[in-house]
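Listed below are the residues making up each chain.
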Amino acid sequence: MLTKKQYDLLVHIDKELKAKGVPPSFDEMKDALGLKSKSGIHRLITGLEERGFIRRLPHRARAIEVLRLPENMAATSKKPTKGKFAPNVIKGDFKLSGAKSGGDAELVELPLYGRIAAGTPIEALRDHSNTIGIPGSMVGSGDHYALEVDGDSMIDAGIFDGDTVIIKRSDTAENGSIVVALVEEEEVTLKRLRRKGASVALEPANKAFETRIFGPDQVKVQGSLVGLIRKY
């Protein structure tokens, strides 16, 4: 799933590519989204690339290729728009039990379990009294929960300290996916899961951190990342 800013940027890049044949510069992206610095654009671009929506072509300036669009954007992208750039908000076309009305979108209350390390693993807080309301479009079927990110070991995957991640509860995950992992029954961390033979690697997305290798019985998957919320 995309954040609102990621969606806005993807719409802008796609619009400029179709109109001019070249993507906008970082300065043009910054102005279009009303951001103060190009570093914010860099983070958004990285997040879109990590999620498979765009690809940056090597050794070429301003070379960005749009690989895919969100479903609701693809359905309207053929209709030209006039005037000021004003993308639509992503909306889900379903409702979940327990959903609450939140303006134009349905809100779903998820348990917010506390802060999870995206650095050195820490024990996740299991405080069932805290909840967070999120747009229903961010979750589908299944059981979900939210965790606050503590640390910066996943910044190259577009996950920053203070973000709230949405996790679909599961005890299995595809190789290479970002998961909540329980390590040796006592500590929990958010990392990319890699399996090779009988070994399990928990891989950070920050060169300042080391990949940790475990035996198959030392790591249990607690869920997979399906969404992210960021406050600006």
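Rules behind the numbers
- Residues numbered from 1 in each chain as written.
- Predicted model: local features only at pLDDT ≥ 70, side-chain atom pairs only at ≥ 80, totals over all residues.
- Heavy atoms only, no water.
- Helix = DSSP H or I, 4+ residues; strand = E, 2+ residues; numbered from the N terminus.
- Buried < 20%, exposed > 50% of the residue type's maximum accessible area, 1.4 Å probe, protein only.
- Contact = heavy atoms within 4.5 Å.
- Polar contact = N/O pair within 3.5 Å; in protein donor to acceptor, adjacent residues only side chain to side chain.
- pLDDT = per-residue confidence, 0-100.
- Arc of directions from axis to C-beta.
- Expected span 1.5 Å × (residues − 1).
- Phe/Tyr/Trp six-rings, centres within 6.5 Å; stacked < 30°, edge-to-face > 60°.
- Lys NZ or Arg CZ within 6 Å of the ring centre and 35° of its normal.
- Core = buried A, V, L, I, M, F, W, Y, C linked by side-chain atoms within 4.5 Å.
- Salt bridge = Lys/Arg side-chain N within 4 Å of Asp/Glu carboxyl O.
- Axes fitted to C-alpha atoms, helices over the stretch in contact; angles between N-to-C directions.
- Parallel < 35°, antiparallel > 145°, perpendicular 65-115°, else oblique.
- Nonpolar A, V, L, I, M, F, W, Y, C, P; charged D, E, K, R; others polar.

Turning our eyes to something else, we now look at the environment of Arg192. If you trace the backbone, Arg192 turns up in strand β9 (residues 187–196). Judged by relative accessible area, Arg192 falls into the buried class, the value being 15%. Taking C-alpha positions, Arg192 is 6.4 Å from Pro204, a pair spaced twelve residues apart along the chain. In this view, Arg192 contacts Glu50, Met154, Ala157, Gly176, Ser177, Ile178, Ala201, Leu202 and Glu203; residues no more than four positions away in its chain are not counted. Polar side-chain contacts of Arg192 include one of 2.8 Å to the backbone oxygen of Gly176.

What follows deals with the confidence of the model for the chain. Summary statistics for the chain give a mean pLDDT of 78 and a share of 78% for residues scoring 70 or more. In the model, residues 75–99 has pLDDT below 50 throughout and makes 35 contacts with residues more than four positions away in sequence or in other chains.

The next thing to look at is helix α2 (residues 26–33). Looking at α2, one finds that the buried residues are Met29, Lys30 and Leu33. For α2, the buried positions fall inside an angular range of 100° around the axis, keeping them on one side. Next to the buried residues of α2 lie α1 (4–20), α3 (38–50) and β2 (64–66).

Turning next to α3. End to end, α3 covers 18 Å across 13 residues, agreeing with the expected 18 Å (1.5 Å per residue, within 8%). Within the sequence span of α3, burial applies to Gly40, Ile41, Leu44, Ile45, Thr46, Gly47 and Leu48. Against the buried residues of α3 lie α1, α2, β1 (54–56) and β2. Gly52 sits one or two residues past α3 and shows a positive phi near 80°.

A few words now on the packing of aromatic side chains. Under the definition given, this model contains one aromatic pair. Measuring from ring centre to ring centre gives 5.1 Å for Tyr113 and Tyr145, while their planes differ by 35°; the resulting arrangement is tilted. Separated by 32 residues along the polypeptide, Tyr113 in strand β4 (residues 105–117) and Tyr145 in strand β6 (residues 144–150) bring together distant segments of the chain. Sitting over the ring of Phe53, Arg68 keeps its end group 3.9 Å from the ring centre.

The next point concerns the nonpolar core. Core analysis: the biggest nonpolar cluster contains 18 residues, and Leu147, Met154, Ile159, Val165, Ile167, Val180 and Leu190 have the highest contact counts within it. Counting residues per element, the ones that place at least two in this core are β4, β6, β7 (164–169), β8 (178–183) and β9. Once residues lying within four places of it in the same chain are set aside, the contact partners of Leu190 are Ile116, Ala117, Ala118, Val149, Met154, Ile159, Val165, Ile167, Ile178, Val179 and Val180. In this structure, Leu33, Ile41, Ile45 and Leu48 belong to the second largest nonpolar core, which totals 14 residues.

Before going further, it helps to spend a moment on the pattern of salt bridges. By the definition in use, this model includes ten salt bridges. Two residues, Arg169 and Asp143, come together in a salt bridge whose shortest N-O distance is 2.7 Å. Taken together, the residues Arg169 in strand β7 and Asp143 in the loop between β5 (131–135) and β6 connect sequence positions 26 residues apart. The partly exposed category is assigned to Asp143, whose relative accessible area is 41%. The salt bridge involving Arg230 is made with Asp163; its shortest N-O contact spans 2.6 Å. Of this pair, Arg230 sits in the segment after β12 (219–229) while Asp163 is found in the loop between β6 and β7, placing the two residues 67 residues apart along the sequence.

Look at Glu184: it is not a glycine, yet its phi comes out positive at around 50°. Residue Glu184 is classed as partly exposed on the basis of its relative accessible area of 40%.

Viewed as axis vectors pointing N to C, α1 and α3 meet at an angle of 85°, and their least axial separation amounts to 10 Å. With respect to each other, α1 and α3 are oriented roughly perpendicular. Here Lys5, Gln6, Leu9, Leu10 and Ile13 of α1 come into contact with α3, specifically with Ile41, Leu44, Ile45, Gly47 and Leu48. Residues of the contact of α1 with α3, tallied by class, amount to seven nonpolar, two polar and one charged.

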